[in-house]
Amino acid sequence: MTEERNYVYNSALAPYIQELISEKRKLGFIYNAQAYQLKRFDNYWCIHGYAETCAAEMLNEWLCCLPAESKSSHSGRISAVKSLTIYMNTLGVKCYVPLLSTGKDHNTVHVLSSKEVKELFSVIDSYIPMSMNPADFRMANEYPLMFRLYYCCGMRNNEVCALETSDVDLESGILTIRDGKNHKNRLVYMPEDLRRLAKKYFNYMRRTLGYEPFWFFPGRCQDKHVSKSQIDKKFIAFWSLTASSEHCDKKPTPHCLRHTFVVDRINRWVLEGIDLNVMFMYLSKYLGHKDPDESFYYYHLVADAFKIIRMKDTMAEKVIPEVRRR
(Lines give C-alpha, C1' and ligand atoms only; values in the text may rest on other atoms or scores of the structure.)
Protein backbone atom coordinates (compact mmCIF):
# COMPACT_ATOMS: atom_id res chain seq x y z
CA MET A 1 0.00 0.00 0.00
CA THR A 2 1.38 3.41 -0.97
CA GLU A 3 2.08 5.67 2.00
CA GLU A 4 0.50 9.10 2.11
CA ARG A 5 2.94 11.98 1.87
CA ASN A 6 2.20 14.87 4.18
CA TYR A 7 3.63 18.34 3.66
CA VAL A 8 3.56 21.46 5.82
CA TYR A 9 1.74 24.35 4.15
CA ASN A 10 2.40 27.90 5.31
CA SER A 11 0.67 30.33 2.93
CA ALA A 12 -2.65 32.10 3.41
CA LEU A 13 -4.19 29.29 1.35
CA ALA A 14 -2.85 26.57 3.64
CA PRO A 15 -6.19 25.80 5.36
CA TYR A 16 -7.92 25.32 2.00
CA ILE A 17 -5.10 23.15 0.66
CA GLN A 18 -5.16 20.93 3.74
CA GLU A 19 -8.94 20.62 3.62
CA LEU A 20 -8.88 19.72 -0.09
CA ILE A 21 -6.26 17.02 0.43
CA SER A 22 -8.17 15.64 3.42
CA GLU A 23 -11.40 15.47 1.41
CA LYS A 24 -9.71 13.73 -1.53
CA ARG A 25 -8.12 11.11 0.72
CA LYS A 26 -11.41 10.45 2.48
CA LEU A 27 -12.78 9.59 -0.96
CA GLY A 28 -10.00 7.03 -1.42
CA PHE A 29 -7.52 9.00 -3.53
CA ILE A 30 -3.83 8.79 -2.59
CA TYR A 31 -3.30 12.37 -3.78
CA ASN A 32 0.48 12.36 -3.25
CA ALA A 33 1.49 13.94 -6.56
CA GLN A 34 -1.12 16.66 -6.19
CA ALA A 35 -0.09 17.31 -2.59
CA TYR A 36 3.48 17.84 -3.80
CA GLN A 37 2.37 20.27 -6.52
CA LEU A 38 0.24 22.13 -3.99
CA LYS A 39 3.28 22.39 -1.71
CA ARG A 40 5.14 24.05 -4.57
CA PHE A 41 2.17 26.36 -5.10
CA ASP A 42 2.08 27.10 -1.37
CA ASN A 43 5.74 28.19 -1.55
CA TYR A 44 4.91 30.32 -4.60
CA TRP A 45 2.08 31.97 -2.70
CA CYS A 46 4.31 32.68 0.30
CA ILE A 47 7.07 34.20 -1.83
CA HIS A 48 4.63 36.64 -3.41
CA GLY A 49 2.86 37.38 -0.12
CA TYR A 50 -0.61 36.85 -1.57
CA ALA A 51 -3.72 36.74 0.63
CA GLU A 52 -6.76 34.44 0.83
CA THR A 53 -8.03 35.03 -2.67
CA CYS A 54 -6.89 34.00 -6.10
CA ALA A 55 -7.18 36.48 -8.95
CA ALA A 56 -6.10 35.73 -12.53
CA GLU A 57 -3.06 38.03 -12.44
CA MET A 58 -1.75 36.22 -9.35
CA LEU A 59 -1.45 33.03 -11.40
CA ASN A 60 0.29 34.45 -14.46
CA GLU A 61 3.76 33.39 -13.36
CA TRP A 62 2.58 30.01 -12.07
CA LEU A 63 0.85 29.14 -15.35
CA CYS A 64 3.97 29.75 -17.43
CA CYS A 65 5.94 26.71 -18.53
CA LEU A 66 9.30 26.44 -16.77
CA PRO A 67 12.57 25.93 -18.69
CA ALA A 68 12.95 22.27 -19.74
CA GLU A 69 9.61 21.41 -18.11
CA SER A 70 7.64 18.64 -19.82
CA LYS A 71 4.03 19.08 -20.83
CA SER A 72 3.01 16.44 -18.29
CA SER A 73 4.73 18.23 -15.41
CA HIS A 74 3.37 21.59 -16.51
CA SER A 75 -0.12 20.14 -16.77
CA GLY A 76 0.22 18.60 -13.30
CA ARG A 77 1.02 21.96 -11.75
CA ILE A 78 -1.95 23.63 -13.42
CA SER A 79 -4.33 20.77 -12.64
CA ALA A 80 -3.49 20.82 -8.92
CA VAL A 81 -4.21 24.55 -8.66
CA LYS A 82 -7.35 24.19 -10.75
CA SER A 83 -8.69 21.64 -8.25
CA LEU A 84 -7.84 23.97 -5.37
CA THR A 85 -9.57 27.00 -6.89
CA ILE A 86 -12.67 25.00 -7.77
CA TYR A 87 -12.79 23.72 -4.17
CA MET A 88 -12.41 27.25 -2.76
CA ASN A 89 -15.25 28.48 -4.98
CA THR A 90 -17.53 25.78 -3.57
CA LEU A 91 -16.77 27.22 -0.12
CA GLY A 92 -17.83 30.69 -1.22
CA VAL A 93 -14.30 32.05 -1.76
CA LYS A 94 -14.28 33.65 -5.20
CA CYS A 95 -11.25 32.48 -7.16
CA TYR A 96 -10.08 32.47 -10.74
CA VAL A 97 -10.09 28.92 -12.14
CA PRO A 98 -7.26 28.37 -14.67
CA LEU A 99 -8.47 26.77 -17.88
CA LEU A 100 -5.11 26.53 -19.68
CA SER A 101 -4.52 23.14 -21.29
CA THR A 102 -0.99 22.01 -22.17
CA GLY A 103 -1.79 18.67 -23.79
CA LYS A 104 0.38 15.62 -23.23
CA ASP A 105 3.94 14.63 -24.06
CA HIS A 106 4.21 12.14 -26.89
CA ASN A 107 7.65 10.74 -26.23
CA THR A 108 9.21 8.13 -28.42
CA VAL A 109 9.63 4.91 -26.50
CA HIS A 110 12.26 2.28 -27.04
CA VAL A 111 10.87 -1.19 -27.62
CA LEU A 112 13.55 -3.79 -26.99
CA SER A 113 14.37 -6.26 -29.73
CA SER A 114 14.74 -9.96 -28.98
CA LYS A 115 18.51 -9.51 -29.03
CA GLU A 116 18.36 -6.60 -26.59
CA VAL A 117 16.07 -8.52 -24.22
CA LYS A 118 18.48 -11.47 -24.14
CA GLU A 119 21.47 -9.19 -23.55
CA LEU A 120 19.69 -7.34 -20.75
CA PHE A 121 18.62 -10.46 -18.87
CA SER A 122 22.04 -12.01 -19.33
CA VAL A 123 23.50 -9.02 -17.48
CA ILE A 124 20.80 -9.08 -14.79
CA ASP A 125 21.12 -12.83 -14.18
CA SER A 126 24.93 -12.74 -13.92
CA TYR A 127 25.01 -9.69 -11.65
CA ILE A 128 27.11 -10.13 -8.50
CA PRO A 129 27.33 -7.09 -6.19
CA MET A 130 30.78 -5.74 -5.37
CA SER A 131 29.71 -5.17 -1.78
CA MET A 132 29.76 -8.02 0.76
CA ASN A 133 26.67 -6.55 2.41
CA PRO A 134 24.12 -9.39 2.79
CA ALA A 135 21.32 -6.99 1.78
CA ASP A 136 23.00 -6.26 -1.56
CA PHE A 137 23.41 -9.98 -2.30
CA ARG A 138 19.79 -10.62 -1.33
CA MET A 139 18.61 -7.90 -3.68
CA ALA A 140 20.72 -9.36 -6.49
CA ASN A 141 18.31 -12.30 -6.26
CA GLU A 142 15.31 -9.98 -6.43
CA TYR A 143 16.23 -8.23 -9.67
CA PRO A 144 15.84 -11.21 -12.08
CA LEU A 145 12.25 -11.79 -10.99
CA MET A 146 11.33 -8.11 -10.74
CA PHE A 147 12.44 -7.27 -14.28
CA ARG A 148 10.68 -10.34 -15.65
CA LEU A 149 7.43 -9.13 -14.14
CA TYR A 150 7.80 -5.97 -16.23
CA TYR A 151 8.66 -7.89 -19.38
CA CYS A 152 6.54 -11.05 -19.07
CA CYS A 153 3.48 -9.51 -17.36
CA GLY A 154 3.56 -5.89 -18.49
CA MET A 155 3.48 -4.56 -14.94
CA ARG A 156 4.32 -0.99 -13.96
CA ASN A 157 7.45 -0.24 -11.96
CA ASN A 158 5.63 0.91 -8.81
CA GLU A 159 3.24 -2.07 -9.00
CA VAL A 160 6.13 -4.52 -8.82
CA CYS A 161 8.04 -2.62 -6.13
CA ALA A 162 5.03 -2.32 -3.82
CA LEU A 163 3.79 -5.92 -4.08
CA GLU A 164 2.75 -7.28 -0.70
CA THR A 165 3.42 -10.94 0.04
CA SER A 166 -0.26 -11.47 0.87
CA ASP A 167 -1.14 -10.40 -2.68
CA VAL A 168 1.05 -13.03 -4.33
CA ASP A 169 -0.50 -16.48 -4.77
CA LEU A 170 2.46 -18.68 -5.60
CA GLU A 171 0.29 -21.75 -6.16
CA SER A 172 -2.08 -20.26 -8.72
CA GLY A 173 0.39 -17.69 -10.07
CA ILE A 174 -2.07 -14.82 -9.54
CA LEU A 175 -0.90 -11.39 -8.41
CA THR A 176 -3.41 -8.93 -6.93
CA ILE A 177 -2.60 -5.34 -7.82
CA ARG A 178 -4.31 -3.01 -5.36
CA ASP A 179 -4.97 0.69 -5.92
CA GLY A 180 -3.10 0.80 -9.22
CA LYS A 181 -3.30 3.63 -11.72
CA ASN A 182 -6.79 5.14 -11.86
CA HIS A 183 -7.27 3.67 -8.33
CA LYS A 184 -8.30 0.28 -9.66
CA ASN A 185 -7.58 -3.23 -8.42
CA ARG A 186 -6.85 -6.01 -10.90
CA LEU A 187 -5.43 -9.51 -11.21
CA VAL A 188 -2.26 -10.34 -13.10
CA TYR A 189 -1.58 -13.94 -14.13
CA MET A 190 2.01 -15.12 -14.30
CA PRO A 191 3.10 -17.65 -16.95
CA GLU A 192 3.76 -21.07 -15.40
CA ASP A 193 7.55 -20.83 -15.76
CA LEU A 194 7.52 -17.41 -14.11
CA ARG A 195 5.33 -18.75 -11.30
CA ARG A 196 7.90 -21.48 -10.63
CA LEU A 197 10.69 -18.92 -10.60
CA ALA A 198 8.70 -16.73 -8.18
CA LYS A 199 8.19 -19.69 -5.88
CA LYS A 200 11.92 -20.55 -5.89
CA TYR A 201 12.75 -16.91 -5.25
CA PHE A 202 10.40 -16.62 -2.27
CA ASN A 203 11.63 -19.86 -0.73
CA TYR A 204 15.12 -18.38 -0.96
CA MET A 205 13.87 -15.13 0.59
CA ARG A 206 12.28 -16.89 3.58
CA ARG A 207 15.43 -18.92 4.21
CA THR A 208 17.63 -15.85 3.96
CA LEU A 209 15.54 -13.60 6.20
CA GLY A 210 14.34 -16.33 8.54
CA TYR A 211 10.74 -15.16 8.27
CA GLU A 212 8.08 -14.33 5.68
CA PRO A 213 8.44 -10.63 4.79
CA PHE A 214 5.50 -8.29 4.50
CA TRP A 215 6.82 -6.95 1.19
CA PHE A 216 7.41 -9.45 -1.61
CA PHE A 217 10.45 -7.41 -2.68
CA PRO A 218 11.92 -5.92 0.51
CA GLY A 219 14.50 -3.19 0.09
CA ARG A 220 17.83 -2.83 1.84
CA CYS A 221 15.79 -1.86 4.88
CA GLN A 222 13.67 -4.99 5.25
CA ASP A 223 10.58 -3.26 6.63
CA LYS A 224 10.23 -1.19 3.43
CA HIS A 225 9.76 -2.31 -0.15
CA VAL A 226 12.41 -1.64 -2.78
CA SER A 227 11.98 1.86 -4.15
CA LYS A 228 10.99 2.73 -7.70
CA SER A 229 13.98 5.10 -8.01
CA GLN A 230 16.37 2.33 -7.00
CA ILE A 231 15.00 0.06 -9.72
CA ASP A 232 15.30 2.89 -12.25
CA LYS A 233 18.98 3.27 -11.34
CA LYS A 234 19.68 -0.46 -11.45
CA PHE A 235 18.03 -0.74 -14.84
CA ILE A 236 20.27 2.01 -16.22
CA ALA A 237 23.30 0.27 -14.74
CA PHE A 238 22.32 -3.09 -16.23
CA TRP A 239 21.48 -1.61 -19.63
CA SER A 240 24.82 0.21 -19.81
CA LEU A 241 26.58 -3.16 -19.61
CA THR A 242 24.86 -4.55 -22.72
CA ALA A 243 26.44 -4.38 -26.16
CA SER A 244 23.24 -2.82 -27.54
CA SER A 245 23.54 0.22 -25.27
CA GLU A 246 26.38 1.58 -27.41
CA HIS A 247 24.11 1.81 -30.47
CA CYS A 248 20.87 2.97 -28.84
CA ASP A 249 19.86 6.62 -29.41
CA LYS A 250 17.22 6.61 -26.66
CA LYS A 251 18.02 4.91 -23.38
CA PRO A 252 15.24 2.55 -22.29
CA THR A 253 13.69 2.50 -18.83
CA PRO A 254 11.91 -0.23 -16.84
CA HIS A 255 8.64 1.06 -18.32
CA CYS A 256 10.00 0.21 -21.79
CA LEU A 257 9.73 -3.47 -20.81
CA ARG A 258 5.98 -2.91 -20.32
CA HIS A 259 5.80 -1.34 -23.78
CA THR A 260 7.77 -4.27 -25.19
CA PHE A 261 5.32 -6.70 -23.58
CA VAL A 262 2.39 -4.97 -25.31
CA VAL A 263 4.05 -4.79 -28.72
CA ASP A 264 5.26 -8.39 -28.54
CA ARG A 265 1.85 -9.63 -27.48
CA ILE A 266 0.05 -7.81 -30.30
CA ASN A 267 2.59 -9.00 -32.86
CA ARG A 268 2.08 -12.57 -31.74
CA TRP A 269 -1.70 -12.28 -32.07
CA VAL A 270 -1.33 -10.77 -35.55
CA LEU A 271 0.99 -13.61 -36.56
CA GLU A 272 -1.44 -16.21 -35.20
CA GLY A 273 -4.44 -14.57 -36.86
CA ILE A 274 -6.22 -13.87 -33.57
CA ASP A 275 -9.01 -11.27 -33.60
CA LEU A 276 -7.53 -8.14 -32.00
CA ASN A 277 -10.96 -6.60 -31.46
CA VAL A 278 -11.66 -9.36 -28.95
CA MET A 279 -8.22 -9.64 -27.36
CA PHE A 280 -7.72 -5.91 -26.84
CA MET A 281 -10.50 -5.91 -24.24
CA TYR A 282 -8.61 -8.54 -22.22
CA LEU A 283 -5.25 -6.84 -22.75
CA SER A 284 -6.64 -3.52 -21.56
CA LYS A 285 -7.97 -5.07 -18.32
CA TYR A 286 -4.73 -6.99 -17.80
CA LEU A 287 -2.65 -3.81 -18.10
CA GLY A 288 -4.96 -1.77 -15.87
CA HIS A 289 -5.95 0.67 -18.62
CA LYS A 290 -9.22 2.59 -18.75
CA ASP A 291 -10.10 1.32 -22.21
CA PRO A 292 -8.61 -0.55 -25.21
CA ASP A 293 -7.61 2.70 -26.92
CA GLU A 294 -5.12 3.39 -24.15
CA SER A 295 -3.56 -0.03 -24.73
CA PHE A 296 -3.45 0.42 -28.49
CA TYR A 297 -1.70 3.77 -28.00
CA TYR A 298 1.35 1.83 -26.80
CA TYR A 299 1.46 0.00 -30.10
CA HIS A 300 0.49 2.99 -32.24
CA LEU A 301 3.19 5.18 -30.69
CA VAL A 302 5.89 2.68 -31.49
CA ALA A 303 4.60 2.11 -35.01
CA ASP A 304 4.72 5.84 -35.74
CA ALA A 305 8.24 6.11 -34.40
CA PHE A 306 9.84 3.12 -36.09
CA LYS A 307 7.46 2.43 -39.03
CA ILE A 308 8.32 -1.26 -38.91
CA ILE A 309 7.43 -3.38 -35.86
CA ARG A 310 9.74 -6.34 -35.83
CA MET A 311 8.50 -9.67 -34.59
CA LYS A 312 10.03 -10.67 -31.24
CA ASP A 313 10.29 -13.84 -29.25
CA THR A 314 8.31 -13.40 -26.02
CA MET A 315 8.67 -16.90 -24.59
CA ALA A 316 9.30 -16.29 -20.89
CA GLU A 317 11.13 -19.59 -20.39
CA LYS A 318 14.05 -18.34 -22.47
CA VAL A 319 14.89 -15.78 -19.81
CA ILE A 320 14.11 -17.77 -16.67
CA PRO A 321 17.22 -18.31 -14.52
CA GLU A 322 17.92 -20.49 -11.54
CA VAL A 323 17.86 -18.78 -8.15
CA ARG A 324 21.45 -18.30 -7.06
CA ARG A 325 22.54 -19.79 -3.77
CA ARG A 326 25.09 -18.22 -1.57
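About the criteria used
Residues numbered from 1 in each chain as written. Predicted model: local features only at pLDDT ≥ 70, side-chain atom pairs only at ≥ 80, totals over all residues. Heavy atoms only, no water. Helix = DSSP H or I, 4+ residues; strand = E, 2+ residues; numbered from the N terminus. Buried < 20%, exposed > 50% of the residue type's maximum accessible area, 1.4 Å probe, protein only. Contact = heavy atoms within 4.5 Å. Polar contact = N/O pair within 3.5 Å; in protein donor to acceptor, adjacent residues only side chain to side chain. Core = buried A, V, L, I, M, F, W, Y, C linked by side-chain atoms within 4.5 Å. Axes fitted to C-alpha atoms, helices over the stretch in contact; angles between N-to-C directions. Nonpolar A, V, L, I, M, F, W, Y, C, P; charged D, E, K, R; others polar. Patch = residues over 30% accessible without salt bridge, like charges linked within 9 Å, V, L, I, M, F, W, Y side chains within 5 Å. Areas by Shrake-Rupley, 256 points an atom, 1.4 Å probe, with all protein chains shown as cover. Salt bridge = Lys/Arg side-chain N within 4 Å of Asp/Glu carboxyl O.

Engineer: Which residues make up the environment of glutamate 69, and what values go with them?
Structural biologist: Position of glutamate 69 relative to the elements: it lies in the loop between helix H3 (60–63) and helix H4 (71–90). Residue class for glutamate 69 comes out buried when judged on its relative accessible area of 14%. Non-local contacts of glutamate 69, meaning those with residues more than four positions away in its chain, are made with Cys64, His74 and Arg77. For glutamate 69, the side chain forms a polar contact with the side chain of serine 73, separated by 3.3 Å.

Engineer: Could you give me a rundown of unusual backbone geometry, with the residues and numbers involved?
Structural biologist: Of note in the backbone geometry, tyrosine 31 takes a positive phi value of approximately 60° without being a glycine. If you trace the backbone, tyrosine 31 turns up in the loop between helix H1 (14–26) and helix H2 (32–48).

Engineer: Explain the nonpolar core to me, using residue names and the numbers behind them.
Structural biologist: Among the nonpolar cores identified, the biggest contains 51 residues, and Phe147, Leu149, Met155, Leu163, Phe216 and Phe217 are the most heavily contacted of them. Of all the secondary-structure elements, those providing two or more residues to this core are helix H5 (114–125), helix H7 (143–153), helix H8 (157–161), strand S2 (174–177), helix H9 (192–209), helix H10 (228–240), helix H11 (254–272) and helix H12 (276–287). If you tally residues by element for this core, the top one is H7, at nine residues. Setting aside chain neighbours within four positions, we find methionine 155 in contact with Leu149, Tyr150, Val160, Leu163, Leu175, Ile177, Val188 and Arg258. Ile17, Trp62, Tyr87 and Met88 belong to the second-largest nonpolar core, a separate cluster that totals 26 residues.

Engineer: Tell me about the packing of H7 against H11, residues and numbers included.
Structural biologist: Between H7 and H11, the least distance of the axes is 6 Å, while the angle of their chain directions is 30°. Contacts between H7 and H11 involve Phe147, Tyr150, Tyr151, Cys152 and Cys153 from the former and Pro254, Leu257, Arg258, Thr260, Phe261 and Asp264 from the latter. Taken together, the residues of the contact of H7 with H11 break down into eight nonpolar, one polar and two charged.

Engineer: Let's hear about a nonpolar patch on the surface: which residues, and what values?
Structural biologist: On the surface, a cluster of nonpolar side chains totalling about 330 Å² of accessible area is made up of Val278, Met281 and Tyr282. Residue placement: methionine 281 occurs in helix H12. Given the relative accessible area of 47%, methionine 281 is considered partly exposed.

Engineer: Go over the side chain of threonine 165 with me, naming the residues and quoting the values.
Structural biologist: Relative to the helices and strands, threonine 165 is located in the loop between H8 and strand S1 (168–169). Here proline 213 takes part through its backbone oxygen, which lies 2.6 Å from a polar atom of the side chain of threonine 165. In contact with threonine 165, other than residues within four places in its own chain, are Phe202, Glu212, Pro213, Phe214, Trp215 and Phe216.

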